[in-house]
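Structural overview
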Amino acid sequence: MDLEPSNSDIEDHKPVVALHDAVAVLGQFPALAGASLTVRRGEIVLLRGPNGAGKTTLLRLCAGLLPLVRGTGQILGLDLTTQRESVRRNVGLLGHQNGLYFDLTVGENVRFWGATVGATEAEIATAMERLGVADRLVDLPVRQLSAGQKRRTALACLVVRRAQLWLLDEPHAGLDASARDELDATLREAAGSGATIIVASHELERAGALSTRAVDVVAGQIYGEQS
Amino acid sequence: MSTWRIARLVAVKDLRIEAHSRVLINQVLPFAGVTMVIFAFALDADSVLERVAPGLVWLATMFSLLVLVQRSFAVETDDGALDAMRVAGLDPKAIYLGKAAALSVELLILEVVLLLTAVILYRQTIPLDGVVLLVLTLLTATCGLAAVGTLYGGLASGFKGRETLLPLLTLPAVAPVLIGATRAVESALGTAGAVVSDGWPWVGLLAVFAVAFGVGGSLAFGPLIDE
């Protein structure tokens, strides 16, 4: 199985993310104030900005977790106002936590997420192999894994549930140098296979080298793009 | 994927976590057993113990329910798995029903052990003509407890003071189950001259309670955990 989502229903020429003048609110606070962003298939886009700038809010909006208060937004061709549940099913958001069950093994975690979308045993095995969590790790409880192994297990879960857009919030946090290298290689391979990735990170040097494009998020707005 | 299929996946996943961690066997059952023994010390007179045994069984069940519910949602929040399920667009009704089903299985095991403990410690006998009433009481009360516990467990899981909030929310809500199940078990066991026919209206009450909270909980669970 490719890391590329197998059920892609978006045409190549259409943007994967198309936000125009998007406003999202956290409580009473407009955390995103008129943001516009276009991301095409296969891109790795870096979101740069200080704490509280709106990077995480932007990711959560793209994941369909926050309502679009004003403006327009389409994710994978799905409307962010009327089709948020469908957006969620096709997007993978990996935040500061991995969303894993510590008492289950690596294999059981990946199988659980695979089963939610009807993935075959072959698809599950291939996803684990590609992410390097097969073989000796597959029967280990997640609580015994290193931070990097947990991250790769979480990415295997994203792959197996066929997420077409990966939204990663500080994906390098807590990883040692070799785990970061492994993660970057995995993300490049996924993007090379057609997955679209948006990364919010403070580690500008590393994330900058990984990304194909960078945008600045400041005070809830997106300023400029840099190839 | 259908609600029932996702619910089954969630239930199997929860029971698998229990099979690995053995919290029910190693912690909850001993806790419930100690509670029963302490009741026996506190109510030393045999006649009193025999009279109040059904109520003590359900009180011990209520206390153990809190431990089970805390555990059920701790595994979801330890690494953000509940959020991950919502991000993945899994039907909240299915998550609710699956978690309630797994909790029901664990509660049933607990209740059977507690009843056997009551037979030994409190000198209870189970007459043959009360067996059907007893079994139906266990089933309906268990469904009601699981429905309430899962609903409030999900609600409390989003708050910092969840350990104290859960008992505050749950215990008043399950009071009707405590009353109905105690009366029905008294009838099934013939406690203090009660007859089997007295127990059926209470089983009806338990069934109505379970259905009401099951339906209400499955509808309310999504908005509650999203908040």
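When you go through chain B residue by residue, the secondary structure sums to 9 helices and 0 strands. Along its sequence from the N terminus, chain B presents helices and strands in the succession α-α-α-α-α-α-α-α-α. On C-alpha atoms alone, chain B measures out to a radius of gyration of 18 Å, which is about the 17 Å that the 2.2 N^0.38 rule sets for 227 residues. Dimensions of chain B, computed from C-alpha atoms along their principal axes, come out at roughly 55 × 30 × 30 Å. Residue pairs in contact within chain B that sit at least 24 positions apart in sequence constitute 84% of those at least 6 positions apart.

Attention now moves to the overall build of chain A. Per the secondary structure count, chain A includes 7 helices and 10 strands. Here the C-alpha radius of gyration of chain A, 17 Å, is about what a compact globule of 227 residues would show, namely 17 Å. The dimensions of chain A, computed from C-alpha atoms along their principal axes, are 50 × 35 × 35 Å. Here chain A holds 227 residues, and the buried ones make up 52% of them. When contacts within chain A are restricted to residue pairs at least 6 apart in sequence, long-range pairs at least 24 apart make up 72% of them.

Our focus in this paragraph is the confidence of the model for chain A. All names here are of chain A. Here chain A averages 85 in pLDDT, and 93% of its residues register 70 or above. Within chain A, helix α3 (residues 106-116) carries the highest mean pLDDT (95), whereas strand β10 (residues 221-226) carries the lowest (70). Scored below 50 in pLDDT, residues 1-9 shows 21 contacts in the model against residues more than four places distant or in partner chains.

A separate point is the environment of A74 of chain B. As for its placement among the helices and strands, A74 of chain B is situated in helix α3 (residues 46-77). Separated by 79 residues in the primary sequence, A74 of chain B and G153 of chain B have C-alpha atoms spaced 9.4 Å apart.

What follows concerns the nonpolar core. Nonpolar side chains in soluble globular proteins tend to be buried together. One finds C62, A156, L167, I197 and V199 of chain A to be the most contacted residues of the largest nonpolar core, which totals 144 residues. If one sorts the elements of this core by residue count, helix α6 (residues 131-156) of chain B sits on top with 13 residues.

Turning our attention to the pairing of strand β8 (residues 196-200) of chain A. Residues and elements named next belong to chain A. Of all 5 residues that make up β8, 5 are buried, and the element is covered over most of its length. Alternating positions in β8 separate into two faces, T196, I198 and A200 on one and I197 and V199 on the other, with burial throughout. Relative to β8, strand β7 (residues 165-169) is paired through 5 bridges, and the arrangement is parallel. Looking across to β8, one finds that W166 is bridged to I197. Assessed by its sense of winding, the connection that carries the chain from β7 through helix α6 (residues 177-192) to β8 is right-handed.

Further remarks concern helix α4 (residues 121-130) of chain A. All names here are of chain A. Among all positions of α4, only I124, A127, M128 and R130 are buried. For α4, the arc enclosing every buried residue in end-on projection is 165°, short of the 170-degree limit, so these residues lie on one face. Along α4, exposed side chains directed more than 90 degrees from the buried face belong to E121 and A122. Those residues of α4 hidden inside the fold are in contact with α3 and α5 (147-160).

Residues and elements named next belong to chain A. In spatial order, the strands read β2-β1-β4-β5; together these 4 strands make up an open sheet with antiparallel pairing. Across the chains shown, the open sheet's two edge strands, defined by having one partner strand only, are β2 (29-39) and β5 (78-79). Here strand β1 (residues 17-26) pairs with β2 via 7 bridges, running antiparallel. Within the sheet, the bridge partner assigned to L19 lies in β2 and is L37.

The subject of this paragraph is the interface of chain A and chain B. At the interface, 23 residues of chain A touch 19 residues of chain B. Mapped onto the side of chain A that touches chain B, the elements with two or more residues apiece are α2 (84-90) and α3 of chain A. With 4 residues, α3 of chain A is the largest single contributor of residues to the side of chain A that touches chain B. For the side of chain A that touches chain B, the residue count by class is 11 nonpolar, 6 polar and 6 charged.

Another aspect to go through is the confidence of the model for chain B. Reading predicted coordinates in detail is not appropriate for stretches of low pLDDT. Model confidence for chain B is summarised by a mean pLDDT of 92, while 99% of its residues fall at 70 or above. For this predicted complex, the interface score ipTM comes out at 0.89, while the overall pTM is 0.88.

What counts and what doesn't
Residues numbered from 1 in each chain as written. Chains lettered and ligands numbered in written order. Predicted model: local features only at pLDDT ≥ 70, side-chain atom pairs only at ≥ 80, totals over all residues. Helix = DSSP H or I, 4+ residues; strand = E, 2+ residues; numbered from the N terminus. Rg over C-alpha atoms; globule rule 2.2 N^0.38 Å. Contact = placed C-beta atoms within 7 Å. Buried ≥ 20, exposed ≤ 12 C-beta atoms within 10 Å, placed from the backbone. pLDDT = per-residue confidence, 0-100. Core = buried A, V, L, I, M, F, W, Y, C linked by C-beta atoms within 7 Å. Pairing = 2+ DSSP bridges. Right-handed = clockwise from strand over helix to strand, strands pointing away. Arc of directions from axis to C-beta. Nonpolar A, V, L, I, M, F, W, Y, C, P; charged D, E, K, R; others polar.

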